Amino acid sequence: MKESVINEKSKEFALRIIKLYKYLCDEKHEYVISKQLLRSGTSIGANVREAKRGQSKPDFYSKMNIALKEADESAYWLELLHESGYIDDKEYNGIYPDCEQLIKILVAILKTKPLNSYLITN
């Protein structure tokens, strides 16, 4: 169940990140941090999707772990955009909790599917 939720939520988050990127470029003329956020924010869902088609269970774990790192990086860029004044409290509070939720879901998935359970021993 968590895996279907993460698929849906990571795609929704990516779409919101794309809209935020367009806003930051068009309205705030901010191109550097917003580009970093675009890359990390859309990479979450891409890695989740790639994990579904992983070549092995360790590959699945690796891709989900990368998705978690990208989500954490996205949180960092959102914090910088907020603290630097590019996005206001309303904008930040509208998207940051979604990023935190993705992180929590990914952590839960990784805890229930630890890598050592996938390693085959002879």
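These notes cover the structure that comes with them. What you see is a predicted model; the values in this text were computed from it and never measured. (Residues numbered from 1 in each chain as written. Predicted model: local features only at pLDDT ≥ 70, side-chain atom pairs only at ≥ 80, totals over all residues. Heavy atoms only, no water.)

### Here's the deal with the environment of Glu-30
Rule in force here: We count a stretch as a helix when DSSP gives it H or I for four or more residues in a row; a strand needs E for two or more, and each element gets its number in order from the N terminus. The buried label applies to any residue whose accessible area, calculated with a 1.4 Å probe on protein chains only, is under 20% of its type's maximum; exposed applies above 50%, and partly exposed to all values in between. Contacts were defined at the residue level, with two residues in contact if any of their heavy atoms lie within 4.5 Å.
Considering the arrangement of structural elements, one finds Glu-30 in the loop between α1 (2-27) and α2 (32-52). Residue class for Glu-30 comes out buried when judged on its relative accessible area of 7%. When the C-alpha atoms of Glu-30 and Leu-81 are compared, they prove to be 9.5 Å apart, with 51 residues separating the residues in sequence. If we ignore the near neighbours within four places in the chain, the residues touching Glu-30 are Leu-24, Cys-25, Leu-81 and Tyr-86.

### Quick notes on helix α4 (residues 89-112)
Heads up, the rule is: For a helix, the expected span equals 1.5 Å multiplied by the number of residues minus one. Whenever two N or O atoms come within 3.5 Å, that pair is a polar contact, provided that in protein one can donate a hydrogen and the other can accept it, and provided that, for residues adjacent in sequence, both atoms are side-chain atoms.
Its 24 residues give α4 an end-to-end C-alpha distance of 34 Å, which sits within 8% of 34 Å, the value for a rise of 1.5 Å per residue. Within α4, the full set of buried residues consists of Tyr-92, Ile-95, Tyr-96, Cys-99, Leu-102, Ile-103, Ile-105, Leu-106, Ile-109 and Leu-110. One side-chain oxygen at the N-terminal end of α4 lies 3.1 Å from the backbone nitrogen of Lys-90; it belongs to Asp-88.

### Overview of the packing of α2 against helix α3 (residues 57-83)
Condition: Axis definition: a line fitted to C-alpha atoms, limited for helices to the stretch in contact. Angles are taken between N-to-C directions and run from 0 to 180 degrees. For this classification, under 35 degrees means roughly parallel, over 145 means roughly antiparallel, 65 to 115 means roughly perpendicular, and everything else is oblique. Should the near helix be turned anticlockwise from the far one by less than a right angle, the crossing is termed left-handed; should it be turned clockwise, right-handed. Classification convention: Asp, Glu, Lys, Arg as charged; Ala, Val, Leu, Ile, Met, Phe, Trp, Tyr, Cys, Pro as nonpolar; all other residues, Gly among them, as polar.
Closest axis-to-axis distance for the α2/α3 pair is 8 Å, and the angle between their directions is 155°. Viewed along their axes, α2 and α3 adopt a mutual orientation that is roughly antiparallel. The hand of the α2/α3 crossing is left-handed. From α2, Ile-33, Gln-36, Leu-37, Ser-40, Gly-41, Ser-43, Ile-44, Asn-47, Val-48, Glu-50 and Ala-51 reach across to α3, where they touch Phe-60, Lys-63, Met-64, Ile-66, Ala-67, Glu-70, Ala-71, Glu-73, Ser-74, Trp-77, Leu-78 and Leu-81. In the contact of α2 with α3, the residues fall into 13 nonpolar, 6 polar and 4 charged.

### Observations regarding α2
For the α-helix, the turn length of 3.6 residues means that residues three or four positions removed from each other point alike. What counts, and what does not: Bend at a residue means the angle formed by two fitted axes: the first through the 7 residues ending at that position, the second through the 7 residues beginning there.
The end-to-end C-alpha separation of α2 is 31 Å, in line with the 30 Å expected for 21 residues at 1.5 Å each. Along α2, the largest kink reaches about 30° and is centred on Ser-43. Among all positions of α2, only Ile-33, Ser-34, Leu-37, Leu-38, Ser-40, Gly-41, Ser-43, Ile-44, Gly-45, Asn-47, Val-48 and Ala-51 are buried.

### Side note on the environment of Lys-104
By the secondary structure assignment, Lys-104 is in helix α4. Residues Lys-104 and Leu-68, spaced 36 residues apart in sequence, show a C-alpha to C-alpha distance of 8.9 Å.

Spatial relationships are all this shows, so hold off on functional conclusions.
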